[in-house]
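Examination of the molecular architecture
Here are the chains, one letter per residue:
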Amino acid sequence: GRVDSVVIHDLEPTPHREPSSDGVDIATRHLEQLRASGFAALQKLRADGVIQAFGAGVNSDEDGEDVAVKKEWNIHYVRSLLEMPKQIGGGERGIDFLLCANMFSLLNHDAHESGILDACLAAGVSVIVGGPYSSGILASGPDPPSGQTPYYNYQPASNEVRARCRRVEAVCKAHGVPLIAAALQFPLTHPAVSCVIPGSKSDDEVASNVTLMGFPIPPSLWTELRDEGLCPASLPPPFLD
């Protein structure tokens, strides 16, 4: 048998938080274990043809995490992953991909602002973006017809997030583009990103995502978002095929 890909998952402080610790010390020990043996084991599985590829996952703050602690950890973790092949030797290449969940969307630019996307691009590591809808609000819109509060990063969206989303939605409407289509395609404007995984609960959602991915979006939409301060000016020029 063969496994297409394996992901190093949840190597982060989040699962180890408790009142007396932010979990970073435990996550650091796990990272050292990966460096000491796990990484080379994954390289060997790939070299032997048991798996085709392996990568790692990172995500934005969720479940009330300390935002600064999580950002600092993500930068450290990704840098460590990219440096690991040289540190352990052997001549095998490192991770094939990095899965960034809820870190690069129309409302969250952490993966870009932290330098993670550019670091992966320089290292030849493909980036997969998960959560392009920021766990709901970019699909439902800031003011869902149901009257319910939309979700952002797994929590009810704050008034500040909803206000920012309304501004993004207004720019999309001015260009004749549904917010959800712009949200799905936005991550692909960065050259480090190879694919987007929005997640689907039904056949209808799969079909809808396929349609949305093909919705024509003029480059002027992305330019206006930058001009309005809704996307970082430092993002590379987005020209979609």
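Here is what the cut-offs are and how they apply
- Residues numbered from 1 in each chain as written.
- Predicted model: local features only at pLDDT ≥ 70, side-chain atom pairs only at ≥ 80, totals over all residues.
- Heavy atoms only, no water.
- Helix = DSSP H or I, 4+ residues; strand = E, 2+ residues; numbered from the N terminus.
- Polar contact = N/O pair within 3.5 Å; in protein donor to acceptor, adjacent residues only side chain to side chain.
- Phe/Tyr/Trp six-rings, centres within 6.5 Å; stacked < 30°, edge-to-face > 60°.
- Buried < 20%, exposed > 50% of the residue type's maximum accessible area, 1.4 Å probe, protein only.
- Axes fitted to C-alpha atoms, helices over the stretch in contact; angles between N-to-C directions.
- Left-handed = near helix turned anticlockwise from the far one by under 90°.
- Contact = heavy atoms within 4.5 Å.
- Nonpolar A, V, L, I, M, F, W, Y, C, P; charged D, E, K, R; others polar.
- Pairing = 2+ DSSP bridges.

Now for the environment of tyrosine 133. Here tyrosine 133 shows up in the loop between β4 (126–130) and α5 (137–140). For the pair tyrosine 133 and glutamate 113, spaced 20 residues apart in sequence, the C-alpha to C-alpha distance is 19 Å. Within the structure, the side chain of tyrosine 133 is placed 2.8 Å from the side chain of asparagine 209, a separation counted as a polar contact.

Tallied over the full model, the rule gives four aromatic pairs. Ring centres 4.9 Å apart and planes at 40° place the aromatic pair phenylalanine 104 and phenylalanine 186 in the tilted group. Of this pair, phenylalanine 104 sits in the loop between β3 (97–101) and α3 (110–113) while phenylalanine 186 sits in the loop between α7 (179–185) and β7 (193–197), and the two are 82 residues apart along the sequence. Phenylalanine 186 carries the same exposure label as phenylalanine 104, and that label is buried.

What follows is about the packing of helix α6 (residues 159–174) against helix α9 (residues 219–227). A pair of packed helices is captured by two measures, namely the crossing angle of their axes and the spacing between those axes. Interhelical geometry of α6 versus α9 gives an angle of 145° and a closest axis separation of 10 Å. Helix-helix and strand crossings are classified by hand; for α6 and α9 the assignment is right-handed. When α6 is examined against α9, the residues Val168, Val171 and Cys172 are found in contact with a partner set consisting of Leu221, Glu224 and Leu225. Taken together, the residues of the contact of α6 with α9 break down into five nonpolar, no polar and one charged.

Right, let's get into the sheet that holds β4. One open sheet holds the five strands; their spatial order is β1-β2-β3-β4-β7, and the pairing between them is parallel. In this open sheet, the two strands that pair with only one neighbour each are β1 (3–8) and β7. The mean angle between the axes of side-by-side strands here comes to 25°, regardless of whether they run parallel or antiparallel. Two elements, strand β2 (residues 51–59) and β3, share five bridges in a ladder whose sense is parallel. In the strand pairing of β3, glycine 55 is matched with phenylalanine 97. Contacts from helix α2 (residues 67–88) reach β1, β2 and β3 within the one sheet, and its direction differs from that of β2 by about 160°. With respect to the sheet, helix α4 (residues 116–123) is in contact with β3, β4 and β7, its orientation differing from that of β3 by roughly 165°.

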